[in-house]
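What follows is the residue order along each chain.
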Amino acid sequence: MDLHGKVAVVTGSGRGLGLGYAQALAAAGAAVVINDVDQGAVDAAVAMITAAGGRAAGAVAAVGDSAAAEELVDTAVREFGRLDVLVTNAGILRDRVLWKMTDDDFDDVVRVHLRGTFTCARAAAVRMREQGTGGRLVLISSPAGQRGNFGQTNYAAAKAGIVAMARTWAMELGRSGVTVNAVVPVAATEMTKTIPAFAPVIGEAERTGVPLPDRLRKDEGLGTVEDVAGLVTFLASDASEGVTGQAIGIGGDRLALWAHPKEKAVAFADGGWSADAIAAQWPDGVGAEPETYGIPAPKAPEA
C-alpha cells in the first residue's frame, strides 16, 4: 500500500495501538504527526519512526477540547503542508460498575473518546474541505461499543457514539470526497492482558516470540497490534475510496464487517399497541428471539 505524499495525524500514538498505526502509516510512506500527553512518549515515537526512514513530527496535547484538535491539524500543515488522514485513537479507561461510577469517571472517558473524536474530526474536516482533495477519517471504536461490556458504561457509550458519528459524517462529507469509517480492533494490549483467559498465552507469546495460537487468532479474533494496523493503512489509502460509513472489525486472522442496527422483528396492531397487547404478543412474537448483549466470554483452552 503506497501512502507517499499523504499526511496523517494519529491521536494517542505515543504507545500501544496508536503507535502501531503510526508506524504502519509511516512505513507505507505517509508523513505522520504523533500525539500523546507524554512528551517523552512523543519524542521516542518520533525518533523510532525517523530512525526507520519515515517522516514524523510530534504534538503534545490532551485530546478533548477544540484547542488541542486545532493544534494537531496545525502541526500537520506546518510540518508537512497538508492533512489527508486522521486516525482518532486517543483514549483512557475509568472502569466501574454503574452504582460505583462517579461523574468524573464518566465525563473523563467521554471527553477523551467521544468529544475528542468529534473535535479532532471537525478540525480535520474543515482542513480537508478547504484543500478540496478529499481525505480519510478513521475512527477507532471497540467491541464494547457494539455489544456493551461489564463495568464500562462510559467507555461502551463513547465507543458506540463513535460508530454513530462515522455513519453520520459519511453522509455529510461524501460530496467532499472524505470517507469516514470506524475500526473495531481486538489486539493484545495492556488491557487484554488483564483478562484471565488471555493473560498467560499473551505473556508466553511475548516472552518466547511464538505466535498466538489459532484458538485466539481465529476463534477469539485476537492478535497483535500489527494485525490491526493493516486495516488502518488500507482505510487511509486510495484503495478504500469506495468504503465509507462502515464499522469494520479486525483482530488476529479475522476481518469482519459489523452490521448496522436494524429492525429484527416487526408486528402491527390496528390502532396501536396497549401495554396488555404488547405483553400478550411479546413472548411468541417480536420478543421470541431476543438479542444477546455483552462481549462473549473468552473460551477456556482445551485440556
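Let us look at the structure shown here. What you are looking at is a predicted structure, and each value in this text was computed from that prediction instead of being measured.

Looking now at the packing of helix α3 (residues 66-80) against helix α4 (residues 103-131). Between α3 and α4, the shortest axis-to-axis distance is 8 Å and the interhelical angle comes to 40°. Classified by the interaxial angle, the pair formed by α3 and α4 is oblique. Both α3 and α4 take part in a crossing whose hand is right-handed. Between α3 and α4, the contacting residues are S66, A69, E70, L72, V73 and V77 on the first element and T119, C120, R122, A123, A124 and R127 on the second.

This next bit is on the side chain of H113. Following the sequence through the fold, H113 ends up in helix α4. You can call H113 buried: its relative accessible area is 4%. With residues up to four places along the chain from it excluded, the contact list for H113 reads A90, G91, I92, Y155, A158, K159 and I162.

All right, on to the pairing of strand β3 (residues 55-60) then. The pairing of strand β2 (residues 31-36) with β3 spans 6 bridges and is classified as parallel. The residue bridging A31 from the neighbouring strand is R55, located in β3.

Let us now look at the nonpolar core. Counting 36 residues, the largest nonpolar core has L137, W169 and V180 as its most contacted members. Taken together, the elements giving at least two residues each to this core come down to β1 (7-10), β2, β3, α3, α4, β5 (135-140), α6 (153-173) and β6 (178-185). The residues touching V180, leaving out its near neighbours within four places in the chain, are L137, L139, A166, W169, A170, L173, T244, G245 and Q246. L17, L25, A30 and A45 belong to the second-largest nonpolar core, a separate cluster that totals 34 residues.

Moving on, we get to α3. Along an α-helix, residues three or four positions apart point the same way, because every turn accommodates 3.6 residues. The first and last C-alpha atoms of α3 sit 21 Å apart over 15 residues, in line with the 21 Å expected at 1.5 Å per residue. Turning to α3, its buried residues are A68, A69, L72, V73, T75, A76 and F80. Angular distribution of buried residues about the axis of α3 spans 150°; they occupy a single face of the element. The outward face of α3, more than 90 degrees from its buried face, is lined by the exposed residues A67 and R78. With its phi angle positive at about 90°, G81 sits one or two positions after the end of α3.

Any two packed helices are characterised by how steeply their axes cross, that is the angle between the axes, and by the distance between the axes. Where helix α1 (residues 16-27) meets helix α9 (residues 225-236), the axes come as close as 8 Å, and the angle between the chain directions of the two elements is 55°. Overall, the two elements α1 and α9 adopt an arrangement that is oblique. By crossing handedness, the relation of α1 to α9 is classed as right-handed. Touching G16, L17, G20, Y21, A24 and L25 of α1 are V225, V228, A229, V232, T233 and A236, all from α9. Grouping the amino acids of the contact of α1 with α9 by side-chain chemistry returns 9 nonpolar, 3 polar and no charged.

All right, on to the pairing of β6 then. Along β6, 8 of the 8 residues are buried, which leaves the element largely enclosed by surrounding structure. Alternating positions in β6 separate into two faces, V178, V180, A182 and V184 on one and T179, N181, V183 and P185 on the other, with burial throughout. The sheet contact formed by β5 and β6 spans 6 bridges and is parallel. Among the inter-strand pairings, L139 is bridged to a residue of β6, identified as A182.

Where like charges cluster on the molecular surface, the negative patch consists of D103, D104, D107 and D108. When you line up the elements, D108 lands in helix α4. What makes D108 partly exposed here is its relative accessible area of 33%.

Cut-offs and rules
- Residues numbered from 1 in each chain as written.
- Predicted model: local features only at pLDDT ≥ 70, side-chain atom pairs only at ≥ 80, totals over all residues.
- Heavy atoms only, no water.
- Axes fitted to C-alpha atoms, helices over the stretch in contact; angles between N-to-C directions.
- Helix = DSSP H or I, 4+ residues; strand = E, 2+ residues; numbered from the N terminus.
- Parallel < 35°, antiparallel > 145°, perpendicular 65-115°, else oblique.
- Left-handed = near helix turned anticlockwise from the far one by under 90°.
- Contact = heavy atoms within 4.5 Å.
- Buried < 20%, exposed > 50% of the residue type's maximum accessible area, 1.4 Å probe, protein only.
- Pairing = 2+ DSSP bridges.
- Core = buried A, V, L, I, M, F, W, Y, C linked by side-chain atoms within 4.5 Å.
- Expected span 1.5 Å × (residues − 1).
- Arc of directions from axis to C-beta.
- Nonpolar A, V, L, I, M, F, W, Y, C, P; charged D, E, K, R; others polar.
- Patch = residues over 30% accessible without salt bridge, like charges linked within 9 Å, V, L, I, M, F, W, Y side chains within 5 Å.
- Areas by Shrake-Rupley, 256 points an atom, 1.4 Å probe, with all protein chains shown as cover.
- Salt bridge = Lys/Arg side-chain N within 4 Å of Asp/Glu carboxyl O.
- Lys, Arg positive; Asp, Glu negative; His and termini not counted.
- Charge placed at Lys NZ, Arg CZ, Asp CG, Glu CD.

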